[in-house]
Amino acid sequence: YGECRVEDRFLQSATEWLTVGGVMALVCPESVADEYSNVRRHFIIYYENVSIVPFPKKHRPFGEVVVFGHKRPRPAVDRWEAGQW
């Protein structure tokens, strides 16, 4: 998967603090949440109802998006193998 970025470290820490059912909203460049990234893998395993919402075009100097998800009761490790988003 990609190299460890600040977003990866943030997600690891914030996921531990977030209560089950809590909403994670991560702002990052779209490329950080791409198909083979650690960020996407983390969201697939630890969150459900995940969606990516791009910033309005005129406010995307770095291609920013917001990745939303509700924290799962338990990690779903099998979901990553299925490649489901």
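Residues numbered from 1 in each chain as written. Predicted model: local features only at pLDDT ≥ 70, side-chain atom pairs only at ≥ 80, totals over all residues. Heavy atoms only, no water.

Asks: Residue-level account of the sheet that holds strand E3 (residues 64-71), with values.
Replies: Two strands in a sheet stick together by hydrogen bonds in their backbones, pointing the same way (parallel) or opposite ways (antiparallel). The strand order E1-E3-E2 describes an open sheet built from three strands, whose pairing is antiparallel. Two strands close off the open sheet at either side, each with one partner strand: strand E1 (23-29) and strand E2 (47-54). Along the sheet, successive strands turn relative to each other by an average axial angle of 20 degrees, direction set aside. Across six bridges, the pairing between E2 and E3 is antiparallel. Residue pairing across strands places Pro54 opposite Val65, the latter belonging to E3. With respect to the sheet, helix H2 (residues 38-46) is in contact with E1, E2 and E3, its orientation differing from that of E2 by roughly 140 degrees. (Pairing = 2+ DSSP bridges. Helix = DSSP H or I, 4+ residues; strand = E, 2+ residues; numbered from the N terminus. Axes fitted to C-alpha atoms, helices over the stretch in contact; angles between N-to-C directions. Contact = heavy atoms within 4.5 Å.)

Asks: Go over the pairing of E3, please, and point to the residues and values.
Replies: Most of E3 is tucked away: six of the eight residues are buried. Across seven bridges, E1 lies against E3 in antiparallel orientation. Among the inter-strand pairings, Met24 is bridged to a residue of E3, identified as Gly69. (Buried < 20%, exposed > 50% of the residue type's maximum accessible area, 1.4 Å probe, protein only.)

Asks: How would you summarise the pattern of salt bridges if you had to cite specific residues and measurements?
Replies: Oppositely charged side chains may form a pair once their charged atoms are brought near each other. Counted by the stated rule, this structure contains three salt bridges. Among the salt bridges present, the one from Arg5 reaches Glu7, with a minimum N-O distance of 2.9 Å. For Arg60, the salt bridge is made with Glu30, and the minimal N-O distance between the two is 2.9 Å. With Arg60 in the loop between E2 and E3 and Glu30 in the loop between E1 and H2, this pair connects stretches of sequence that are 30 residues apart. (Salt bridge = Lys/Arg side-chain N within 4 Å of Asp/Glu carboxyl O.)

Asks: So what about the confidence of the model for the protein? Which residues, and what values?
Replies: Close reading of the predicted structure is inappropriate where its pLDDT is low. Across the protein, the average pLDDT comes to 87, with 87% of residues at or above 70. Averaged over each element, pLDDT in the protein is lowest for helix H3 (residues 77-82) (64) and highest for E3 (96). (pLDDT = per-residue confidence, 0-100.)

Asks: How would you sum up helix H1 (residues 6-17)? Please name residues and give values.
Replies: Its twelve residues place the ends of H1 17 Å apart at the C-alpha level, agreeing with the 16 Å of an ideal helix rising 1.5 Å per residue. Among all positions of H1, only Glu7, Asp8, Leu11, Ala14 and Thr15 are buried. Looking straight down H1, one finds its buried side chains confined to an arc of 140 degrees; they lie on one side. Set apart from the buried face of H1 by more than 90 degrees, the exposed residues are Val6, Glu16 and Trp17. Elements that come into contact with the buried residues of H1 comprise E1, H2, E2 and E3. (Expected span 1.5 Å × (residues − 1). Arc of directions from axis to C-beta.)

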